[in-house]
Amino acid sequence: MILENCEPKRVFHHFEAISQIPRGSGNEKAVSDFIADFAGGLGLKYVQDDSHNLIIYKPGTSGYENSEPIILQGHLDMVCEKNADTIHDFLKDPIKLYVDGDYLKAKGTTLGADNGIAVAFCMALLEESTIAHPPLEIVLTSDEEAGMTGAFNLDGNLLKGRRMINLDSGSVGTFTAGSAAASTVEFEIPTMTQSGKGLEAYTVTVKGLQGGHSGGDIKLERGNAIRILGSMLNAMDKAALVYLVDIQGGMKVNAIPREASATIAIEPESKATIEEAFRAHVAKQALFFRVADPDISITMEPTHAVDEVLDFESGAGLIWSLLLLPNGVQTMSRDIEGLVSASCNIGVIETLDESIKVSCMPRGASAEYIQQTEDKINALAQITEAEVMFAHRSPAWAFNPDSPILKKVASYYKEIHGDEPKIVAMHGGLECGIFAEKLPGLDIVAMGPNMYDLHTPQERLSISSTEVIWKLLCGVLGEMK
């Protein structure tokens with residue numbers, strides 16, 4: 001076992017076990033079955049639905065049998081991102097874990113601590129017999145990262161609890177009391193082709209960016225590889241005519257894309273002009289991102305001859321769209337310092353047979369903020385004749401600093417650690433808003449250990465903070481008789 005010396009031992013034992021099971025969004029059946037078998041082996045009642053959600057019931061310990069149940073909630077799936085030079089099949093390969101000082105990391109891929117550490121906490125609690133707690137309703141949802149469809153499909157009538165601890169947010173000393181709404185947008189630009197005979201073809205690549213979580217990291221203003229690539233194409237096209245052949249970039253709509261590339265074709269006589277424009281704009285981008293993304297790399301390399309290219313109107317529509325689609329922070333909160341109120345992430349771009357599809361994720365502190373961003377996208381679609389589909393809408397979890405369960409957790413933390421905890425709302429999306437709609441009167445707090453660079457291969461989990469949160473969770477449960 002790689003993590004056998006990490007504390008708390010049983011938490012990391014379970015995390016290592018589920019890391020052997022591929023569990024990207026939409027591929028949770030195997031891990032759901034694994035945990036269902038685990039619960040059944042402990043003699044616990046559970047419900048596993050058609051979406052592979054799990055609800056596991058554990059009776060209260062002695063003296064807590066008649067206490068109000070506590071819901072503990074996390075999600076089964078993980079974002080599957082890897083470095084371009086990493087050979088890894090997320091449908092069959094285990095995550096390759098390693099320990100680096102206080103951090104748990106993965107070799108060349110996302111770690112899956114988001115939200116596998118919540119699953120591991122819950123599994124350790126289910127088997128533990130020495131921790132006092134009320135009746136537990138463990139809820140592990142599917143497909144959170146791709147649209148929260150598991151939470152949407154969950155039958156709320158299966159839950160009696162009206163107090164919930166979400167384990168998908170926060171850090172040591174920070175507790176979350178609200179989260180953003182989100183939607184997924186597919187923006188599809190129709191394309192036509194023409195002959196590419198006599199043109200010289202090149203591949204333009206943007207890479208070396210840090211990327212990150214499209215909610216939690218959006219305010220860091222890191223480079224978006226797709227947006228930067230659109231800017232490069234525009235700069236070259238202004239110097240001389242550039243024909244687009246194909247374009248692709250990003251892996252997940254909720255991850256800031258780290259890499260993107262396009263195949264272009266140009267007239268041989270315009271090569272020097274375009275190369276000059278390319279070099280000039282590369283220098284501008286390197287200067288602009290010198291702090292947020294110092295390792296940015298933009299290259300233009302010759303490639304094989306092409307038979308067809310997109311016509312002028314198709315290429316122009318694509319460039320306009322990449323320049324004008326909302327991306328990054330749109331509005332900052334007037335109520336909470338440092339909190340983003342509205343943003344949009346251009347997450348994935350792909351070339352299809354007769355179109356180019358761009359997938360975006362708007363987020364907002366309320367439905368009104370989401371609507372403002374969607375209106376901008378709709379307006380652009382009218383100009384470019386693109387087709388737009390809005391899907392996977394998730395509600396906001398309204399910020400509630402007066403939540404009783406929040407006050408209980410924060411008070412216990414201060415009693416144990418001595419310092420005043422921080423109460424925040426987050427711009428990332430949590431399933432808490434969906435649960436609040438399903439279970440009227442639900443009182444929620446979210447917490448978790450220190451994790452960094454989520455949704456990227458640089459994702460890492462602090463081992464020491466995991467132990468702090470485990471002890472906090474166990475202690476708080478004992479206070480909720």
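Rules and cut-offs
Numbering of residues starts from 1 in each chain and follows the order in which that chain's sequence is written. The predicted origin of the model limits local features to residues at a pLDDT of at least 70 and limits the giving and counting of side-chain atom pairs to 80 or more, whereas totals for whole chains, interfaces and linings rest on all residues. Working from all heavy atoms in the structure, the side-chain values ignore hydrogens and water. Here a strand is any run of E in DSSP of at least two residues, a helix any run of H or I of at least four, and the numbering for each starts at the N terminus. All radius of gyration figures rest on C-alpha atoms, and the globule criterion is 2.2 Å times the number of residues raised to 0.38. For every residue, the accessible area obtained with a 1.4 Å probe (protein chains only) is divided by the maximum for its type, and the residue is called buried under 20%, exposed over 50%, and partly exposed between those limits. Think of a salt bridge as a Lys or Arg side-chain nitrogen and an Asp or Glu carboxyl oxygen that are within 4 Å of each other. Polar contacts, as counted here, are pairs of nitrogen or oxygen atoms within 3.5 Å of one another; within protein the pair requires one atom able to donate a hydrogen and one able to accept it, and residues that are adjacent in sequence qualify only if both atoms are side-chain atoms. Any two of the Phe, Tyr and Trp rings considered here, Trp counted by its six-membered ring, make a pair once their centres fall within 6.5 Å; the pair's planes then place it as stacked at under 30 degrees, edge-to-face at over 60, or tilted in between. Only C-alpha atoms enter the line fits that serve as axes; for helices the fit covers just the stretch in contact. Angles between N-to-C directions range over 0 to 180 degrees. The labels follow the angle: roughly parallel below 35 degrees, roughly antiparallel above 145, roughly perpendicular from 65 to 115, and oblique for the rest. Left-handed is the label given to a crossing in which the near helix is rotated counterclockwise from the far helix by less than a right angle, and right-handed is the label when the rotation is clockwise. Two residues form a contact once any of their heavy atoms are found within 4.5 Å. All amino acids are sorted into three groups, where Ala, Val, Leu, Ile, Met, Phe, Trp, Tyr, Cys and Pro are nonpolar, Asp, Glu, Lys and Arg are charged, and the leftover types, Gly among them, are polar. Any residue with relative accessible area above 30% and no salt bridge may belong to a patch, with like charges joined within 9 Å and the nonpolar Val, Leu, Ile, Met, Phe, Trp and Tyr side chains within 5 Å. Each accessible area value is a Shrake-Rupley result obtained with a 1.4 Å probe; residue values ignore everything except the protein chains displayed when judging cover. For two strands to pair, DSSP has to find at least two bridges joining them. Note on terminology: a nonpolar core comprises buried Ala, Val, Leu, Ile, Met, Phe, Trp, Tyr and Cys residues joined through side-chain atoms within 4.5 Å.

Trainee: I tried to follow the overall build of the protein on my own but got confused; where do I start?
Mentor: Of the regular secondary structure elements, the protein holds 11 helices and 25 strands. Taken against the 2.2 N^0.38 rule, which gives 23 Å for 481 residues, the C-alpha radius of gyration of the protein at 24 Å falls within 12% of a compact globule. Each of the three principal axes of the protein carries a C-alpha extent, and together these read 85 × 45 × 45 Å. Considering the protein as a whole, with its 481 residues, one finds that 58% of them fall into the buried category.

Trainee: Sorry if this is basic, but what is going on with the pattern of salt bridges here?
Mentor: Oppositely charged side chains may form a pair once their charged atoms are brought near each other. Applying the stated criterion to the full structure yields 15 salt bridges. With a shortest N-O distance of 3.6 Å, Glu68 and Arg163 are connected by a salt bridge. Highlighted residues: Glu68 in the loop between strand E2 (54-58) and strand E3 (70-75) and Arg163 in strand E7 (residues 163-166), separated in sequence by 95 residues. On the basis of relative accessible area, Glu68 is assigned to the partly exposed category, the value being 37%. Residues Arg222 and Asp217 are paired through a salt bridge, measuring 4.0 Å at the closest nitrogen-oxygen approach. Residue Arg222 shares its accessibility class with Asp217, and that shared class is buried. Among the charged side chains, a network of salt bridges with common partners joins Asp217, Arg222, Asp453 and Arg460.

Trainee: Is there a simple way to think about unusual backbone geometry in this case?
Mentor: Glycine aside, residues mostly have negative phi angles, and peptide bonds mostly take the trans form. A cis geometry characterises the amide bond from Glu7 onward to Pro8, with omega recorded as 0°. Note the cis peptide between Asp114 and Asn115, where omega equals 10°. Here Asn115 lies in helix H3 (residues 113-127). Not every positive phi belongs to a glycine, and Glu385 is a case in point at roughly 60°. Assignment of secondary structure puts Glu385 in the loop between helix H8 (367-384) and strand E21 (387-394). Judged by its relative accessible area of 63%, Glu385 is exposed.

Trainee: Just to check I follow, could you spell out the side chain of Thr86 for this structure?
Mentor: Structurally, Thr86 is set in the loop between E3 and strand E4 (97-100). From its side chain, Thr86 meets the backbone oxygen of Gly108 in a polar contact 3.4 Å long.

Trainee: Just checking my understanding: could you explain the packing of aromatic side chains for this structure?
Mentor: The geometry of an aromatic ring pair is captured by the separation of the ring centres together with the interplanar angle, meaning the angle of the planes. Within this structure, the stated rule accounts for four aromatic pairs. With a centroid separation of 6.1 Å and an interplanar angle of 10°, the aromatic rings of Phe121 and Trp470 are classed as stacked. With Phe121 in helix H3 and Trp470 in helix H11 (residues 463-478), the pair connects residues that are 349 residues apart, well separated along the chain. In terms of burial, Phe121 and Trp470 fall into one category: buried.

Trainee: Would you mind going over the packing of H3 against H11 with me for this structure?
Mentor: For any two helices packed against each other, one specifies the crossing angle of their axes together with the interaxial distance. Remark: H3 packs on H11, axes separated minimally by 12 Å, with the N-to-C direction vectors making an angle of 45°. Judged on the interaxial angle alone, H11 and H3 are oblique. Relative to H11, the crossing made by H3 is right-handed. On the side of H3, the interface is formed by Ile117, Phe121, Ala124 and Leu125, while H11 contributes Thr466, Ile469, Trp470, Leu473, Cys474 and Leu477. Residues of the contact of H3 with H11, tallied by class, amount to nine nonpolar, one polar and no charged.

Trainee: What should I look at first to understand a nonpolar patch on the surface in this one?
Mentor: A cluster of nonpolar residues, Trp320, Leu323, Leu324 and Ile383, forms a patch on the protein surface that exposes about 430 Å² of accessible area. Examining the composition of the nonpolar patch, we find that three residues originate from one element, helix H7 (residues 312-324), more than from any other. Among the residues examined, Leu323 registers a relative accessible area of 33% and is labelled partly exposed.

Trainee: Is there a simple way to explain the pairing of strand E8 (residues 174-179) in this structure?
Mentor: Looking down a regular strand, the side chains alternate between one sheet face and the other. Buried residues dominate E8, accounting for six of its six residues. Where E8 meets strand E22 (residues 422-426), four bridges bridge the pair, whose relative direction is parallel. Residue pairing across strands places Ser179 opposite Met426, the latter belonging to E22.

Trainee: Looking at this structure, how should I read the nonpolar core?
Mentor: Inside soluble globular proteins, nonpolar side chains tend to come together where they are buried. Residues Phe15, Ile35, Leu72, Leu104, Ile165 and Leu473 are the most contacted members of the largest nonpolar core, which totals 64 residues. In terms of residue count, the dominant contributor to this core is H3 (11 residues). Apart from residues no more than four positions distant in its own chain, Leu72 is found in contact with Cys122, Leu125, Leu136, Glu137, Ile138, Val139, Ile165, Leu473 and Leu477. Grouped together as the second largest cluster of nonpolar side chains are 43 residues, Ile189, Ala225, Met300 and Leu322 included.

Trainee: Can you walk me through the environment of Gly178 in this structure?
Mentor: On the secondary structure map, Gly178 appears in strand E8. We classify Gly178 as buried; its relative accessible area is 1%. Considering only alpha carbons, one finds Gly178 and Met426, 248 residues apart in sequence, at a separation of 6.2 Å. With residues near it in sequence (within four places) discarded, Gly178 still touches Trp397, Ala398, Phe399, Val424, Ala425 and Met426.

Trainee: Is there a simple way to think about the packing of helix H1 (residues 9-18) against H3 in this case?
Mentor: Close contact between H1 and H3 brings their axes to 8 Å; oriented N to C, the two are set at 125°. Viewed along their axes, H1 and H3 adopt a mutual orientation that is oblique. The handedness of the crossing between H1 and H3 is right-handed. Across the interface between the two elements, Arg10, Val11, His14, Phe15 and Ile18 of H1 pack against Ala113, Gly116, Ile117, Val119, Ala120, Phe121, Met123, Ala124 and Glu127 of H3. By residue class, the composition of the contact of H1 with H3 is 10 nonpolar, two polar and two charged.

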